[in-house]
Amino acid sequence: MLRSVGQERLTGSGEDPRVTELRAAVSRLRRELAGHPAEFPDRGIAEDELAALDAMAAGGRPESPRLRRSLLLVAGAIGSVSALSSGLRDVRSAVDLFGEPPRHP
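Residues numbered from 1 in each chain as written. Predicted model: local features only at pLDDT ≥ 70, side-chain atom pairs only at ≥ 80, totals over all residues. Heavy atoms only, no water.

Looking at an unreviewed UniProt entry, one finds the protein named DUF5955 family protein and attributed to Streptomyces glycanivorans.

1. A closer look at the overall build of the protein
Convention followed: Secondary structure is summarised from DSSP: a helix means a run of H or I of at least four residues, a strand means a run of E of at least two, and numbering begins at the N terminus for each. To sort residues, take the accessible area from a 1.4 Å probe on protein chains only and compare it with the maximum for the residue type: under 20% means buried, over 50% means exposed, and anything in between is partly exposed. Only heavy atoms enter the contact rule, under which two residues are in contact if any of them lie within 4.5 Å. The method behind every accessible area is Shrake-Rupley, applied with a 1.4 Å probe, and residues are considered shielded solely by the protein chains displayed.
Counting its regular elements, the protein contains four helices and zero strands. What you see in the protein, going N to C, is helices and strands ordered as α-α-α-α. Out of the 105 residues belonging to the protein, those deemed buried represent 32%. Considering only contacts within the protein whose residues lie at least 6 apart along the sequence, 63% involve residues at least 24 apart. Carbon and sulfur atoms make up 53% of the accessible area of the protein, which totals about 6,600 Å².

2. Observations regarding the packing of helix α1 (residues 17-35) against helix α2 (residues 43-58)
In plain terms, the rule: As a rule, the C-alpha atoms of each element are fitted with a line to give its axis, helices using only the stretch in contact, and angles between N-to-C directions run from 0 to 180 degrees. Roughly parallel means an angle under 35 degrees; roughly antiparallel, over 145; roughly perpendicular, 65 to 115; everything else is oblique. The crossing is said to be left-handed when, going from far helix to near helix, the turn is anticlockwise and less than a right angle, and right-handed when the turn is clockwise. In the scheme used here, Gly and all other residues not listed as nonpolar or charged are polar, with Ala, Val, Leu, Ile, Met, Phe, Trp, Tyr, Cys and Pro taken as nonpolar and Asp, Glu, Lys and Arg as charged.
α2 packs onto α1 with a crossing angle of 155° between their chain directions and a minimal axis gap of 9 Å. Accordingly, the angle class assigned to the pair α1 and α2 is roughly antiparallel. Every pair of crossing elements has a handedness; the one defined by α1 and α2 is left-handed. Two secondary-structure elements touch here, α1 through Val 19, Leu 22, Arg 23, Val 26, Leu 29, Arg 30, Leu 33 and Ala 34 and α2 through Arg 43, Ala 46, Glu 47, Leu 50, Ala 51, Leu 53, Asp 54, Ala 57 and Ala 58. Of the residues belonging to the contact of α1 with α2, the class tally is twelve nonpolar, no polar and five charged.

3. Observations regarding α2
Note the following rule: To estimate how far a helix should extend, the number of its residues minus one is multiplied by 1.5 Å.
Under the 1.5 Å per step criterion, the end-to-end length of α2 is 23 Å for 16 residues, consistent within 8% with the ideal 22 Å. Three or more residues of α2 are buried, namely Arg 43, Ala 46, Glu 49, Leu 50, Ala 52, Leu 53, Met 56 and Ala 57. The inward-facing, buried residues of α2 abut α1, α3 (64-78) and α4 (85-96).

4. Digging into α3
Heads up, the rule is: Regarding the arc, it is the one traced by the directions from the helix axis to the C-beta atoms.
Compared with the 21 Å implied by 1.5 Å per residue over 15 residues, the 21 Å span of α3 between its first and last C-alpha is a close match. When we look at burial in α3, the residues that qualify are Ser 64, Leu 67, Ser 70, Leu 71, Val 74, Ala 77 and Ile 78. All buried residues of α3 project into a common sector of 155° when viewed along the axis, lining one side. In α3, those exposed residues whose orientation departs by more than 90 degrees from the buried face are Leu 72 and Gly 76. Looking at the buried residues of α3, the elements they touch are α1, α2 and α4.

5. Some words on the packing of α1 against α4
Put simply, α1 and α4 touch, their axes get as near as 9 Å, and they point 160° apart. Overall, the two elements α1 and α4 adopt an arrangement that is roughly antiparallel. For the element pair α1 and α4, the recorded crossing hand is left-handed. Residues Glu 21, Leu 22, Ala 25, Val 26, Arg 28, Leu 29 and Glu 32 of α1 lie in contact with α4, whose contacting residues are Gly 87, Leu 88, Asp 90, Val 91, Ala 94 and Val 95. Of the residues that constitute the contact of α1 with α4, the class distribution is eight nonpolar, one polar and four charged.

What follows is the structure, encoded as structure tokens:
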């Protein structure tokens, strides 16, 4: 697919492949979390932030600082639940696709 300088490469569906990857990773972790039998104190926070990540991705062009903030909250909420570590790693990898936010002097 041809593109102009500065434009993101799009998939056949017209969606940025980074967004596609983020949505898939968030969806998988949400399913894993929903199926996890144990309750833990910050489960609600994890669920809310995963919903926020999904909403940002659905919007089409999420902002890296906001993605990273939500990732940090999810990691803090479920970080000690080893059964969810693979899904969390996938979400982190997907967030990393959006790169670092630009630095302002």
